[in-house]
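What the coordinates show
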Amino acid sequence: MSSKINGHVSPQPCPHLLVFRSRNGPKPFRALQDCIRVKPPGGRAAIRREPTEVPRCGTCEESSRSRLYACVACAAVFCHAPLLHSHASDHSLSIPGHEIAVDVDRAELFCCACGDQVYDRDFDAAVVLAQTVNATATTSTSGSTAMQCSVAGSQPENLRKRRRVDYRPWEPDSGEHISRGNQSIPLLDAANASLVSSTQQPWGLRGLNNLGNTCFMNSILQALLHTPPLRNYFLGDRHNRYYCQQKNGAINGTKNSRLCLACDMDALFSAVFSGDRTPYSPAKFLYSWWQHAANLASYEQQDAHEFFISMLEGIHEKVEKDKRKSQSPAGSGDCCIAHRVFSGILRSDVMCMVCGFTSTTYDPCVDISLDLEPNQGGSGKSSSAKSLNSFNVEADCMRPNQNCGISTLKGCLERFTRAEKLGSDQKLFCQKCQVRQESLKQMSIRKLPLVSCFHVKRFEHSSIRKMSRKVDRYLQFPFSLDMAPYLSSSILRSRFGNRIFPFDGDEQDASNDLSTEFELFAVVTHSGRLDAGHYVTYLRLSNQWYKCDDAWITQVNESIVRAAQGYMMFYVQKVLYYKESENQGTS
Amino acid sequence: MKHSVNRPPTPDAAEDQGKEPPLQEIINVKLIESGEKERLMELLRERLIDCGWKDEMKALCRAHVKKKGRNNVTVDDLVHLITPKGRASVPDSVKAELLQRIRTFLMSAAL
């Protein structure tokens, strides 16, 4: 009964709507367009003939009915309460062609004969235009082009056609022939085939020795070694460390060899996927990273998340230096493999509470840091100091759909994308009012990355009280995650109500090409105190879970993983995740 | 008195029959004209979201749609379904707050 456009279900019109449209020319709702009134803040759209009109049922004269509909054909207003009486239905039955009406308080089309809401693309476009054109302007950061909402007349079916390249089977060139001959190890040796298949562990599982409080590094490296697009990139020889070092004048491994974290990653991948099961010491990698992040170079324990960010920056920096001009817009991920894999785009809408003016900005991000929900359930309202940022603190305790106060990743994401009233001490400058006003802020995800990394803010640093503490509260996380409700398109839809969105096609193609479903493949956990703790990574390979505790790798049951205290969770797009079969030896 | 539905609305009809508009009507018009109704609606929406009422109603609707099938449910069905439950489950504090607001408004608007 409904067709899909751009992946969104578009409802089919009812027969009455079809007849109405066919009888009333190309713009059957033209007259209504002038009657759309939008009231800031909140931007609700209503239908009024005059701005001060008090709509009233033509039959019973009552204006206090909860549902009033204006007939689109004759503009007469009627009430609709199917249990008591429906003067709107009476009207539609008495005059054929007058079945279609519009809800005067919600600006939504209704078929009185079917008793159901109906949708018309042009009408919904006009409503959304009225809601956005006066109250919204868009700005963007990082030098990318200004994003305009093109609404009227845009054709969502008109997607940009991608240039297709003919398929040619790959042949190694001369350089690759040589390196292949010298350095490669057969994956499946005919002689060792039985040996390989009998070792239960999948490829690429190798312990990493702790070089002195380096579990923060080992845990992240294990996750990255099994990040599917990253693994494929390096194992597919997309960054060859020999060519790279040659290009950069590092000959014979002299001390002046140029720093390249990507080369070190390449070496790490080669070592870990070599088939050798003895624990590996990533000393060279550690040394290179120390050179890159000099302020963190010590044998003290570091934050794994900080290491993760610094590593991605390190890979990016090196590549940036090579390129003369970086033409790629921020967030597109064209600059380096790190961003190609992890970079997404966040959208931030800030709405002035006084005039309704909304300013939208887009920022790239390589991960999403989530706050754990404040006190729930049993412990009462002791942390009400947090209510500045979350006016729902009390409400959270009362919400019926929270299971016994367990925090979930989805709950955190919901809070992340919730519209948040910024406190009166956080007034933001409104371009329209030209003064700082109280604002409403809402985050959403404009473009999903290939791999979503969620970082749980477990370490609280208070500069006021000069102390830090760790939040040990358990967070439940799913093995499969659908990110659709947190996308900008979904958040916008919930803001504007039940509409067909004509400018869906304007939303970046990438978010429509790839699905929104993600699969968990790595979890970095932290146990212990802030200053004396230990990081462990759980990896999901061939649908088995493995615990990577520095040099020790063991297979574990998934219930262990579910119960673990997640600090960073890595999810990959489902289409890129292989649920391999149990038998690996067969080919 | 039943009005014939084929006749266009006649604003004079009420006066012809000597009927006074009911008090509810007068109050409603005053609320709308002053813009207070809009403000009250926004406040009510906020309160009903905060206490989880909206989520409850949404869940009820979802369950119903799941049972009946997405293409077999109309808006009227859903309104019929949640109206009694919805009216009954509005928290007393919300009712009290809104009544107080309306009372205050009426006192200030009384001429």
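Residues numbered from 1 in each chain as written. Chains lettered and ligands numbered in written order. Predicted model: local features only at pLDDT ≥ 70, side-chain atom pairs only at ≥ 80, totals over all residues. Heavy atoms only, no water.

With that settled, the discussion passes to the UniProt feature "domain: C2H2-type" (unreviewed entry) in chain A. UniProt marks residues 69-96 of chain A with the feature "domain: C2H2-type" (unreviewed entry), using the numbering shown here. Here residues 69-96 of chain A is 29% helix and 36% strand, with 17 Å between the C-alpha atoms at its ends. (UniProt positions renumbered as here; feature names shortened; annotations may be inferred. Helix = DSSP H or I, 4+ residues; strand = E, 2+ residues; numbered from the N terminus.)

All right, on to the sheet that holds strand β8 (residues 100-103) of chain A then. All names here are of chain A. With respect to topology, six strands assemble into an open sheet ordered β7-β6-β5-β8-β9-β10, the strand pairing being antiparallel. The sheet is open, and its two borders are formed by β7 (85-86) and β10 (116-117), each paired with just one other strand. Bridge analysis of strand β9 (residues 109-111) against β10 gives two bridges, and the strand direction is antiparallel. Each residue of the ladder has a partner; that of Phe-110, found in β10, is Gln-117. (Pairing = 2+ DSSP bridges.)

A separate point is the nonpolar core. Residue and element names in this part refer to chain A. Among the nonpolar cores identified, the biggest contains 59 residues, and Met-265, Phe-308, Phe-342 and Phe-570 are the most heavily contacted of them. Here the element with the most residues in this core is helix α7 (residues 215-225); it accounts for eight residues. For Phe-308, the contacting residues outside a window of four places in its chain are Ile-220, Leu-224, Phe-342, Asp-367, Cys-453, Met-568 and Phe-570. (Core = buried A, V, L, I, M, F, W, Y, C linked by side-chain atoms within 4.5 Å. Buried < 20%, exposed > 50% of the residue type's maximum accessible area, 1.4 Å probe, protein only. Contact = heavy atoms within 4.5 Å.)

This part is about the confidence of the model for chain B. Residue and element names in this part refer to chain B. On average, residues of chain B score 82 in pLDDT, and 82% of them reach the 70 mark or higher. Averaged pLDDT values for the elements of chain B fall to 46 in helix α1 (residues 13-16) and rise to 92 in helix α4 (residues 53-68). Long-range and interchain partners of residues 1-5, a stretch whose pLDDT sits below 50, account for five contacts in this model, where long-range means more than four residues apart. Across residues 12-16, confidence stays below pLDDT 50; counting only partners more than four residues off in sequence or on other chains, it has two contacts. Model confidence for the complex is summarised by a pTM of 0.62, with the ipTM given as 0.79. (pLDDT = per-residue confidence, 0-100.)

Before going further, it helps to spend a moment on helix α10 (residues 261-272) of chain A. All names here are of chain A. Given a rise of 1.5 Å per residue, 12 residues ought to cover 16 Å, and the 16 Å separating the end C-alpha atoms of α10 matches this to within 8%. Taking burial as the measure, the 12 residues of α10 include 10 buried ones, the bulk of the element. Along α10, the residues classified as buried are Leu-261, Ala-262, Cys-263, Asp-264, Met-265, Asp-266, Leu-268, Phe-269, Ala-271 and Val-272. (Expected span 1.5 Å × (residues − 1).)

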